[in-house]
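Structural features, examined
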Amino acid sequence: MDYKGRLKSVQTIFVRKSLDALLVTHLPNIRYLCGFTGTASALLILESGSVLFTDGRYSEQARAEVQGSRIVIARKAPLAAAAEWSIENKSKVARKKPRRLGIESEHLTVAGRRQLASCLRPEFQLRETRGVVEGLRMVKDADEIARLRAAAALGASLFNRALQMIRPGVTENEVAAEMEYVARRSGAEQMSFPTIIAAGKRSALPHGRASQAVIPSRGFVVCDFGVILAGYCSDRTRTVHVGRPTGEARRMYEAVRAAQAAAMETIKGGVGVGDIDQAARKVLKTEGLVSHFTHSTGHGVGLEIHEPPRIAAGQTETLRPGMVITVEPGVYVAGSGGVRIEDTVVVTEQGCDVLAPTSTELITI
């Protein structure tokens, strides 16, 4: 991973954002910029370099993981340590007053901001920033795409175990537990999110986490699952049908399948994310089902399961080659059931590359 290059990219933004330094507190952003995976840290980025603050629990881990940044092992919380260091080394931050310190407004708590302000006044002026590091993270490099592809392949393989488990009378939790067991045995660090197994009428719940509900003798089963491998997430949804599907069930499934295909055909560098969402909704509108599509068509995936860009109406981001996004239209009819089909793709100049492609044809159990 090119941590030095990533840090340099952040530093080049300072002039445009009127900053002298940036204090990064969102853990995935810290990992992206220097490699540190501990759960207590703050990263201070200066024009001349960067300093990672953590505590004694992570001294060995920090020395093993951190690249391109100086390490400070402090006796106090990382945020307080960063503030204290900034006061003691204020000339290294900037020579002129007020020294403008950027903070991640979406990730720093109100209490944390107050703590910083009280420690740093009057030498520093806090400047709220939004999405500085996330904007860089949207476009993945070759190393990241390789990790995402490996995570997608491992995640996709779990569906085979789900197909072996899904039977009338089996609980949703039993299916999820078997998938998660296989994931761990196969090398996954953990699941990307709580596994969704939603059967029968519960398949109409877009985020119907696995429960003690029993799989009925007839109906859809939505399986939404993913793993974290080498720090990177996977995300996939497949929907199967237990028992013989009705004509209406088949129509609903094929409408979602066609909506996903239309969205994926629209993807390429330079296309607005809203156009992808619109392509999926246009198909569902033709089928009279668009009112049952209640979420966005997709989202970015990387170190976090949900990252920018959001693939939805009203969003202004433009796709760029190297972005990794999900394409996951769905239809959910309360009291009846639901369908979602999801794949993760890498945006290219002329289209997209599906990570770990598998069939989307309806499977009947």
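The end-to-end C-alpha distance of helix α10 (residues 172-185) is 20 Å, a good match for the 20 Å that 14 residues give at a rise of 1.5 Å each. Residues of α10 that are buried include every one of Glu172, Val175, Ala176, Met179 and Ala183, and no others. An end-on view of α10 places all buried positions within 95° of arc, on one side of the element. Exposed residues on α10 whose side chains face more than 90 degrees from its buried face are Arg184 and Arg185. One or two residues past the end of α10 sits Gly187, with phi positive at roughly 110°.

Counting across every chain of the model gives 26 salt bridges. Asp20 is the partner of Arg100 in a salt bridge, and the nearest nitrogen-oxygen pair spans 3.1 Å. On the criterion of sequence distance, the pair formed by Arg100 in strand β5 (residues 99-104) and Asp20 in the loop between α2 (14-17) and β1 (21-24) is long-range, its members being 80 residues apart. Judged by relative accessible area, which is 26%, Arg100 ranks as partly exposed. Overall, the relative accessible area of 11% leaves Asp20 in the buried class.

What follows deals with the packing of helix α11 (residues 247-266) against helix α12 (residues 273-286). Where α11 meets α12, the axes come as close as 8 Å, and the angle between the chain directions of the two elements is 150°. Accordingly, the angle class assigned to the pair α11 and α12 is roughly antiparallel. α12 is crossed by α11, and the crossing has right-handed handedness. Between α11 and α12, the contacting residues are Ala255, Val256, Ala258, Ala259, Ala262, Ala263 and Thr266 on the first element and Asp275, Ile276, Ala279, Ala280, Val283 and Leu284 on the second. Looking at the contact of α11 with α12 residue by residue, the classes come out as 11 nonpolar, 1 polar and 1 charged.

Reading the values: rules and limits
- For every chain, the first residue of the written sequence is number 1, and numbering continues from 1 onward in sequence order.
- Restriction of local features to residues with pLDDT of at least 70 applies here, the model being predicted, together with a cutoff of 80 or more for giving and counting side-chain atom pairs; totals for whole chains, interfaces and linings are based on all residues.
- The side-chain figures draw on all heavy atoms in the structure; neither hydrogens nor water molecules are used.
- Secondary structure elements follow DSSP: runs of H or I of four or more residues count as helices, runs of E of two or more count as strands, with numbering from the N terminus.
- Given a helix with a known number of residues, its expected span is that number minus one, times 1.5 Å.
- Exposure classes here rest on a 1.4 Å probe applied to the protein chains alone. A residue is buried below 20% of its type maximum, exposed above 50%, and partly exposed in between.
- Arc, as used here, means the arc of the directions from the helix axis to the C-beta atoms.
- Any carboxyl oxygen of Asp or Glu within 4 Å of a side-chain nitrogen of Lys or Arg constitutes a salt bridge here.
- Axis geometry follows a simple rule: fit a line to the C-alpha atoms, using only the stretch in contact for helices, then measure angles between N-to-C directions, giving values from 0 to 180 degrees.
- Note on angle classes: values under 35 degrees are labelled roughly parallel, values over 145 roughly antiparallel, values of 65 to 115 roughly perpendicular, and the remainder oblique.
- In a left-handed crossing the near helix is turned counterclockwise from the far helix by less than a right angle, and in a right-handed crossing that turn is clockwise.
- By definition in these notes, contact holds between two residues if any of their heavy atoms fall within 4.5 Å.
- Classes in brief: Ala, Val, Leu, Ile, Met, Phe, Trp, Tyr, Cys and Pro nonpolar; Asp, Glu, Lys and Arg charged; the others, Gly included, polar.

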